[in-house]
Each structure stands twice: as structure tokens, then as C-alpha cells.
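Inside the fold
Given next are the chains, with one letter for each unit.
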Amino acid sequence: NYKRYLYQRVFLERLSYWAFVSAAQTLRPIKPPASHYLVFLFNSVSLSPEYSLSTSSPHRSPPSHSHRKMPDVQSMVLEFVNKLRKRKIEGSQATARCTVELLRSVISHHRVPHANQASALIDAVKAVGAQLVAANPVELAVGNVVRRVLHIIREEDLSLATAAVAGLDLLDASDDDEDVNGKGIGYPGMSAAVVAAAARSTLRPPSLQTLLEGTPESATVPYTSSSGADSESKTADKSSITRKLKHDVIEGVNQLIHEIAGCHEQIAEQAVEHIHQNEVILTLGSSRTVLEFLCAAKEKKRSFRVFVAEGAPRYQGHLLAKELVARGLQTTVITDSAVFAMISRVNMVIIGAHAVMANGGVIGPVGVNMAALAAKKHAVPFVVLAGSHKLCPLYPHNPEVLLNELRSPSELLDFGEFSDCLDFGTGSGSPLLQVVNPTFDYVPPSLVSLFITDTGGHNPSYMYRLIADYYSADDLVM
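Every value quoted in this text rests on a predicted model; they were computed, and no experiment measured them.

1. A look at the sheet that holds strand 6 (residues 362-365)
Pairing in this open sheet of three strands is antiparallel, and the strands run 5-6-8 from one edge to the other. Of all the strands in the sheet, the pair left with one neighbour each is strand 5 (355-356) and strand 8 (440-443). Two strands pair when backbone bridges link them, and strand 6 and strand 8 are joined in this way by four bridges, in the antiparallel orientation. The partner of Val362 across the bridge, within strand 8, is Val443. Contacting strand 6 and strand 8, helix 14 (residues 368-377) crosses the sheet at an angle of about 30 degrees to strand 8.

2. Details of the sheet that holds strand 10 (residues 456-458)
Strand order in the open sheet made by the seven strands is 3-2-1-4-7-9-10, with mixed pairing throughout. Strands at the two margins of the open sheet, each flanked by one partner only, are strand 3 (330-334) and strand 10. For this sheet, the mean angle separating the axes of adjacent strands, direction not counted, is 25 degrees. With three bridges connecting them, strand 9 (residues 450-453) and strand 10 associate as antiparallel partners. Looking at the pairing, Ile452 lines up with Gly457 of strand 10. Where helix 11 (residues 288-299) meets the sheet, its contacts fall on strand 1 (280-284), strand 2 (305-309), strand 4 (348-352), strand 7 (382-385) and strand 9, and the angle it forms with strand 4 comes to roughly 135 degrees.

3. Topic: unusual backbone geometry
A cis amide bond links Ala312 to the next residue, Pro313, at an omega of 5 degrees. Examined against the element boundaries, Pro313 turns out to sit in the loop between strand 2 and helix 12 (316-326). Residue Arg87 is not a glycine yet carries a positive backbone phi of 60 degrees. Within the secondary structure layout, Arg87 lies in the loop between helix 3 (73-85) and helix 4 (92-109). Taking relative accessible area as the criterion, Arg87 reaches 33% and is therefore assigned partly exposed.

4. Some remarks on the pairing of strand 3
Taken residue by residue, a regular strand's side chains alternate between the two faces of the sheet. Summarising the sheet, strand 2 and strand 3 pair through five bridges and their orientation is parallel. Each bridged residue has a counterpart across the sheet, and for Phe307 the counterpart in strand 3 is Thr332. Regarding the hand of the β-α-β motif, the stretch spanning strand 2, helix 12 and strand 3 is right-handed.

5. Considerations on the side chain of Arg147
Among the structural elements, Arg147 can be located in helix 6 (residues 140-174). With a relative accessible area of 6%, Arg147 lands in the buried category.

6. Digging into helix 11
With twelve residues, helix 11 ought to run about 16 Å at 1.5 Å a step, and its terminal C-alpha atoms sit 16 Å apart, in line with that. For helix 11, every residue scored as buried is listed here: Thr289, Val290, Leu291, Phe293, Leu294, Cys295, Ala296 and Ala297. The opening residue of helix 11 is Ser287, an N-cap whose side-chain oxygen sits 3.4 Å from the backbone nitrogen of Thr289. Positive phi shows up at Lys301, right after helix 11, with a value of about 65 degrees.

Rules used in this analysis
Residues numbered from 1 in each chain as written. Predicted model: local features only at pLDDT ≥ 70, side-chain atom pairs only at ≥ 80, totals over all residues. Heavy atoms only, no water. Pairing = 2+ DSSP bridges. Helix = DSSP H or I, 4+ residues; strand = E, 2+ residues; numbered from the N terminus. Contact = heavy atoms within 4.5 Å. Axes fitted to C-alpha atoms, helices over the stretch in contact; angles between N-to-C directions. Buried < 20%, exposed > 50% of the residue type's maximum accessible area, 1.4 Å probe, protein only. Right-handed = clockwise from strand over helix to strand, strands pointing away. Expected span 1.5 Å × (residues − 1). Polar contact = N/O pair within 3.5 Å; in protein donor to acceptor, adjacent residues only side chain to side chain.

Following this line, the structure appears as C-alpha cells:
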């Protein structure tokens, strides 16, 4: 009774207050802040917000988890966009890992509607992905990871729709007391296209893998008896399927994070199959994938020598040579211009890729095309190491693909020494000396012998099929 009295008093006080506010606004429009409403509400009953009205005597309630400060997703996106623009994150793996972790936060904090849940998640991921790609178009791993996450959403949505079509329709068909007028409960949260695709997938014959495993595909869909409270149970099952989409997507994203983190180890396990005793390996630039690959062969008691091109003007090859020597490998540093002269002594060229395009072409450190041409001339295998997050579904001729960027001329020339050449000596206002310092180089697929990814070795002509398993055609252009 005391509780009812308090609620009635709150209602009457608020009603009189709003009547006063509406009358005052007719004379002069005012908009009190929301905090005033809360202060009035709790002062009218002489209770503070930390007390509860659930019992006859007020008591202090424990702090709710909803009052905890949640991370601002938009601020996280803006912070990561600034890092990409300022090039504070170097390396495709580090960039891909940070990108997928950000997208996981976006998905987990995004409020999914009851209908068209997959479309809502896809729109949210595409909106964030467009900002990230625009911040650093050269880092193709960002777009690759965004498309991988979009593919996960579509696959999980199709999987749940397939389970609904294959399982729940059987339950509806076996129920004679429900859906007499043919209206049905439907598939909330799933679009008509997804349900149609799921219906087509249920009519497909069993796959070869399913036949070899000896497990029928129908066994993956649990069948529940329709006796008892059929209507409530089936409604709960369908609503649970719609709620399960977000959870399954986050699980798929977690698997992608684990895959990106372990790509070096997966590639390094294949080193013993490709590097043999007393061979000479040539590499260019600095790549952690190449480092782990060569060190894994050394741990398998393989004795070989490594030629490292210095990779001017940043001289990343010097860093790789120091790390190889620290791991106990016999290393020789050569200049970039000496690659063609030393290629006749080399048994294999192994490089790390910045990105692998859909046609099998490779974007690598500057100077890698020269090494590929030299290997082709002397019939030396040219092997490319790349994780699955570096496989790009776009072609080099696509307008949205930026293959290269120019770095500062200070890496090549000293401005103090060449100040006279950099003066504007003509009337047109252009300098007499121009400096071009590209970051990457492109290798056509005809010069590549083998790709080694975390899923195994592949021929360049097979890369398009491997890329098709990771991406959806609807997500190529964001």
C-alpha cells in the first residue's frame, strides 16, 4: 500500500508539473534540461536515485551494470582512422589484426533490429570499413579484412536460414492445429533472398565431404517433437535463431583474429618441404613471414645460406640480416643492383608480399620485380609467402586499387647538399630536380612460381578460386 501511494504521488506531481510547463511554453518556449526532470521526480517523493521503491522501506540498491561507462565505438573508429592516416601502424598483419578487433567491437555494440539483422550488421560494417579504407587506400589488408567480416555475416545468416528452412518448416508441416490459414510465423530477422537461398541449399545433393564422413546433412538440424506446448516452443526456437546471428558472427570474427595471429606459424610449418640441404636462398626487404619461414627450416636441421638484398633506400634488408644472424643462419648482404649478378648462384627466391591480387599478381617491396625478372631469366623458382588476410579480391586495373605511394625524397637525397638543384630555376616555377621514391613494386603472375599461404601451397592460376572462398561478390565495392 505504501508503494502504491508513492507511485500515485509521483504521477500526480509529474502531471501537475507538465501542466505548468505546457502553460509556460505557450507564453515563452522553454526547454528545461533532462536533469531537471530527474531532480523533480526524485525530490517529489523525498528519495534519491540510489534508493529503490521495490519494498515498503527504502533501501540502497546495488549499482547496476547498465550504469557502467561503455566504450564509445565512434571514438574508437576515429582514433584508428587517425592512426591509419598518419601511418602509425606498419605491417599488414598488425593492421589487419587491429582492423578486425575494431570491427568486432562495432558488431558487439551495434543494436540489431528484430527484422533484417544481417542487413543491419552489413550496413554498420560497411560504413566503418569505408572510413578505414579511405584513411589508407594503399594498405589493402584493411579492405580485405572488412570484406572477410562481411562474408562471415552473410555465411552465418545463410546458415541460420538453412537450419530454419530445413528444421522449422518440418515442425510447422507436422502441426495440424496451427497455421490453418497458411499465415505461419515466418522467419523474423531474415530477408526473403536469404530464405530463398537457404531453401535452394536444402535441395542440393549431399557434398562429397559429407558422404566420406558418413554423417547425413540432416543430422546437423535437430528435430524436436511437436507435442505439448507446440506454439510457444516453435516461436521460442525461431526467436532464438534470430538472436543467435550476432553471437555466431562474433564467434566467426574471433576465429578470423586467431587465423591472422597464427598465420606466420602456419606458413613456417611448410618450410621443411621447400628448403633443402645446402641451398642458397635469395630474399629482398624485411618480412616477418620470411624470417619465421627461414628460421623454421633452420630448426629442422637444414643447412643453407641466405642472400639478402639491402632494399634501398630504407635498407630494410639490413634489419632482416641482423635477425637472421641472431638466429644462427649464414647470411650475406648484397646491393639491390647485384641481384642479377648473384642470381646464378641462387636456388630459390623467397619474398614476402604486401598483397596478392585476384589475378595472382603480387604487390611487394620496391625492387622485387627486378628480382622476379632475374629469377625468370635463370629459371629460378620465385616463391611468395602471404597470409590469407593479404589475398585481395580486386584486380590491379580496378580504379579503387591504389598500388603504390611515394615516400619522402629525404630518404634519397640530403636537402642541404642538393639545395642548389632543388631551387626553382625556371620561370614556370617547377624545380630542376625531381625525386621519385616509390614504396611498392608489382610482379605479374607470369613471374610467380608458387604461393605459400597458411592453407598450403598454391599455383598462381588457382588464387582466384582461393579468393572466392573468402569473399562475397556483393562486397567487392564498399
